[in-house]
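Residues per chain are reported as follows:
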Amino acid sequence: MTLLKEKDICEVSKNLMSYNKELITKTGTDLAGIALHATGIYEKYYNSYKVNSHIAVVPVSCGDGVINGFCETIKDIINILGFSSYVTSEKDISGIEEAYQRMADVIFIADDEKFIALNTLSRKVVDNGDATGRGYAAALDLVAGGIRDKEVLLIGAGPVGIGAAAFLDMKGAKISVYDIDKEKAKSLKKHIENIKIVKELDKVLPNFDFVLDATPAAGIIKETAVNERMIIAAPGIPLGIESTCVESLSHRIIHDVLEIGVATMLFHAL
Ligand code: 2YH
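Caption draft 1: Local environment of the domain arrangement of the protein. Here the protein is described as being made up of domain 1 (6–128 + 259–269) and domain 2 (130–254). Taken over C-alpha atoms, the centre of domain 1 sits 24 Å from the centre of domain 2. Around 1400 Å² of area is buried between domain 1 and domain 2 when both sides are counted, 65% of it from carbon and sulfur atoms. Across the contact surface, domain 1 and domain 2 share zero salt bridges. Counting across the domain 1 and domain 2 interface gives seven residue pairs in polar contact (both at pLDDT 80 or more). Every element with two or more residues in the side of domain 1 that touches domain 2 is listed here: helix H2 (16–27), helix H3 (31–39), strand E5 (125–127) and helix H12 (259–269). Top element by residues in the side of domain 1 that touches domain 2 is H12. It accounts for five residues. Class assignment for the residues of the side of domain 1 that touches domain 2 results in seven nonpolar, seven polar and three charged.

Caption draft 2: Region of interest: the sheet that holds strand E8 (residues 196–197). Ordered in space as E8-E7-E6-E9-E10-E11, the six strands form an open sheet in which the pairing is parallel. At either end of the open sheet lies a strand with only one pairing partner, and these are E8 and strand E11 (253–254). With four bridges connecting them, strand E6 (residues 151–155) and strand E9 (residues 210–213) associate as parallel partners. Note that in E9 the partner of Ile155 across the bridge is Asp213.

Caption draft 3: A look at the site of the ligand. Neighbouring residues of the ligand: 17 residues in total, closest Thr2, Val60, Ile67, Ala110 and Asp111. Here an oxygen atom of the ligand sits 2.9 Å away from a polar atom, N or O, in the main chain of Val60. A distance of 2.8 Å separates a nitrogen atom of the ligand from a polar atom in the backbone of Asp111. Classifying every residue of the shell around the ligand gives 11 nonpolar, three polar and three charged.

Caption draft 4: Spatial organisation of the packing of aromatic side chains. Per the stated rule, a full pass over the model turns up six aromatic pairs. A centroid spacing of 6.0 Å and a plane angle of 50° characterise the contact between Tyr42 and Tyr45, whose relative ring orientation is tilted. With 6.1 Å between their ring centres and 35° between their planes, Tyr46 and Phe83 make a pair best called tilted. With Tyr46 in helix H4 (residues 43–52) and Phe83 in the loop between helix H5 (70–80) and strand E2 (84–87), the pair connects residues that are 37 residues apart, well separated along the chain. An identical accessibility class is assigned to Tyr46 and Phe83; each is buried. One aromatic cluster is present, built from ring pairs that chain together Tyr46, Phe83 and Phe267. Over the face of the ring belonging to Tyr86 we find Arg102, whose NZ or CZ atom lies 3.7 Å from the ring centre.

Caption draft 5: Just the sheet that holds strand E3 (residues 106–110), in detail. As summarised here, the arrangement of the five strands in space is E2-E1-E3-E4-E5, forming an open sheet in which the pairing is mixed. Of all strands in the sheet, those bounded by a partner on one side alone are E2 and E5. Between one strand axis and the next, the sheet turns by 20° as a mean value, whatever way the strands run. Pairing of strand E1 (residues 54–58) with E2 involves four bridges; the strand directions are parallel. Looking at the pairing, Ala56 lines up with Tyr86 of E2. Taken strand by strand, helix H7 (residues 128–144) contacts strand E4 (115–119) and E5, and its axis lies near 65° from that of E5. Together, E1, E3, E4 and E5 form the strand contacts of H12, whose direction differs from that of E4 by roughly 25°.

Caption draft 6: Representation of the nonpolar core. Ranked by internal contacts, the top residues of the largest apolar core, which has 69 residues, are Phe70, Phe108 and Phe267. The residue makeup of this core includes at least three contributed by each of domain 1 (6–128 + 259–269) and domain 2 (130–254). Ignoring sequence-local partners within four residues, the contact set of Phe267 consists of Ala32, Ala35, Leu36, Thr39, Ile41, Tyr46, Leu81 and Phe83. Counting residues in each nonpolar core, the second largest holds 20 residues, with Val211, Ile221, Ile232 and Leu249 among its members.

The rules behind these values
- Every chain is numbered independently, its residues counted from 1 as its sequence is written.
- Local features in a predicted model are, by the rule used here, given only for residues with pLDDT of at least 70; side-chain atom pairs are given and counted only at 80 or more, and totals for whole chains, interfaces and linings are based on all residues.
- With hydrogens and water excluded, all non-hydrogen atoms of the structure serve as input to the side-chain values.
- Domain delimitation in this document rests on an assignment produced automatically or drawn from a domain database.
- Note on definitions: buried area is the accessible-area loss of two parts on being combined, 1.4 Å probe, summed for both.
- The rule for a salt bridge is simple: a side-chain nitrogen of Lys or Arg has to be within 4 Å of a carboxyl oxygen of Asp or Glu.
- Any pair of nitrogen or oxygen atoms within 3.5 Å is treated as a polar contact; in protein, a donor-acceptor pairing is required on top of that, and neighbouring residues in sequence qualify only through side-chain atoms on both sides.
- Runs of E in the DSSP output that reach at least two residues are strands. Runs of H or I that reach at least four are helices, and both are numbered from the N terminus.
- Each residue receives one of three labels: charged for Asp, Glu, Lys and Arg, nonpolar for Ala, Val, Leu, Ile, Met, Phe, Trp, Tyr, Cys and Pro, and polar for the others, Gly being one of them.
- Between any two strands, pairing holds if DSSP finds at least two bridges.
- To be near a molecule or strand, a residue needs just one of its heavy atoms within 4 Å of it.
- Under the pairing criterion, centres of Phe, Tyr and Trp rings, with the six-membered ring standing for Trp, must be within 6.5 Å; the plane angle then separates stacked pairs below 30 degrees from edge-to-face pairs above 60, leaving the rest tilted.
- The classification of residues rests on relative accessible area computed with a 1.4 Å probe and restricted to protein chains. Under 20% of the type maximum is buried, over 50% is exposed, and intermediate values are partly exposed.
- Two limits define a charge over a ring: the Lys NZ or Arg CZ must be within 6 Å of the ring centre, and within 35 degrees of the ring normal.
- Helix axes are fitted to C-alpha atoms over the stretch in contact, other axes to C-alpha atoms as well, and angles between N-to-C directions run from 0 to 180 degrees.
- Any two residues whose heavy atoms approach within 4.5 Å are treated as being in contact.
- In this description, a nonpolar core means a group of buried Ala, Val, Leu, Ile, Met, Phe, Trp, Tyr and Cys residues linked to one another through side-chain atoms lying within 4.5 Å.

Below you can see the structure in the form of structure tokens.
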């Protein structure tokens, strides 16, 4: 798990419009479209949620403390989806109190370990890891024009990988999973029986056209293992693709710091 730093997020807000355009080119839809696809929400409900839902983002000072720009960035991502959100002026417990007093329907809140969205009415709790996995898997499904019966390599069986596997399995993909921790891969197979466990990543990687890298491991995808058709959905920070090939592959990489995860968290929480 990566603790975000100010330098990771400082460009996100000002690039949101261009990121939406990039996503349309790559997947055929924007951030909202990917999150709708990930969560199965109908467009007509989205329109009424946009008008009626109030979203609060609460800064948290424990652990490494408030990250400059983190809450503002979450707010900006939510607002570009058409919602009305704000960062509470108070932080921590007082921030939660303020969000309830201002009748927030959903509260976004993160410490060093966990980042969640809480629905104050339904009590639904959405974890950033799970939502990020589902959002990126949904993006891959859109790029593939339907992932049913297609071979997908999932790298990493942690919280992001579990969310991705759940979505890909629901869509009928043929999933292979690699995790450096063999027990994690085995435990994922207990939940999703049809998953194949892969032991040597570099050996099998070139055989896949669809890859979802759900690890925070830098350079886990080597230039030599990338084939010319490969589409890589890579939510990890840092990016798991060897830096020497990132530029030439950029039109086939889906990667951001927070955007797809936060959009999917919100739509899942509603
Ligand atoms: O970046 C993080 C964690 N790594 C989240 C884990 C998600 N799977 N947290 C951000 C901490 C934000 C800080 N407490 C603030 O500014 O409120």
